[in-house]
Amino acid sequence: MSKYWSETTKNIEPYIPGEQPKDRKYIKLNTNENPYPPSPKVIEAISKAANENLQLYPDPNCDELKNTLANYYKLSPNQIFVGNGSDEVLAFSFMAFFIKKSLSYFLI
């Protein structure tokens, strides 16, 4: 355990996922699986996006996405937060709004 962890962090119980059937004959709606294949338009969009830049790491600031969203919603790009999935967005939200101690110990 890290000496920098808060008491809350030290006491977190890890998530234990539910049963993961191996036979693939079940559709797990609780994990957002879908019984239907993707639309042909989705496959086409993925194929177009998989170009010669696919081997490059994406922009960590998501500037193109932020600018597109800002333009669409008539906002400034600095008013938009993009996270790596809902887990990251929720983690940052909890750190920002629900921890009373200084966050400096998270930065080490």
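Here the structure is a predicted model, which is why all the values come from computation and not from measurement. (Residues numbered from 1 in each chain as written. Predicted model: local features only at pLDDT ≥ 70, side-chain atom pairs only at ≥ 80, totals over all residues. Heavy atoms only, no water.)

Caption draft 1: Fine view of the pattern of salt bridges. Summed over the entire model, instances satisfying the criterion amount to 1 salt bridge. The salt bridge involving Lys-48 is made with Glu-44; its shortest N-O contact spans 3.3 Å. Within this pair, Lys-48 and its partner Glu-44 are both found in helix 2 (residues 40-49), separated by 4 residues, close to a single helical turn. Its relative accessible area of 61% is what places Lys-48 among the exposed residues. By relative accessible area, Glu-44 is classed as partly exposed at 43%. (Salt bridge = Lys/Arg side-chain N within 4 Å of Asp/Glu carboxyl O. Helix = DSSP H or I, 4+ residues; strand = E, 2+ residues; numbered from the N terminus. Buried < 20%, exposed > 50% of the residue type's maximum accessible area, 1.4 Å probe, protein only.)

Caption draft 2: View of a nonpolar patch on the surface. Residues Leu-90, Phe-94, Phe-97 and Phe-98 make up a contiguous nonpolar surface patch of roughly 500 Å² in combined accessible area. Position of Phe-94 relative to the elements: it lies in helix 4 (residues 86-97). (Patch = residues over 30% accessible without salt bridge, like charges linked within 9 Å, V, L, I, M, F, W, Y side chains within 5 Å. Areas by Shrake-Rupley, 256 points an atom, 1.4 Å probe, with all protein chains shown as cover.)

Caption draft 3: Spotlight on the environment of Glu-33. Tracing the backbone shows Glu-33 in the loop between helix 1 (7-10) and helix 2. Excluding anything up to four places from it in sequence, Glu-33 contacts Arg-24, Tyr-26, Ile-27 and Lys-28. Within the structure, the side chain of Glu-33 is placed 3.0 Å from the backbone nitrogen of Lys-28, a separation counted as a polar contact. (Contact = heavy atoms within 4.5 Å. Polar contact = N/O pair within 3.5 Å; in protein donor to acceptor, adjacent residues only side chain to side chain.)

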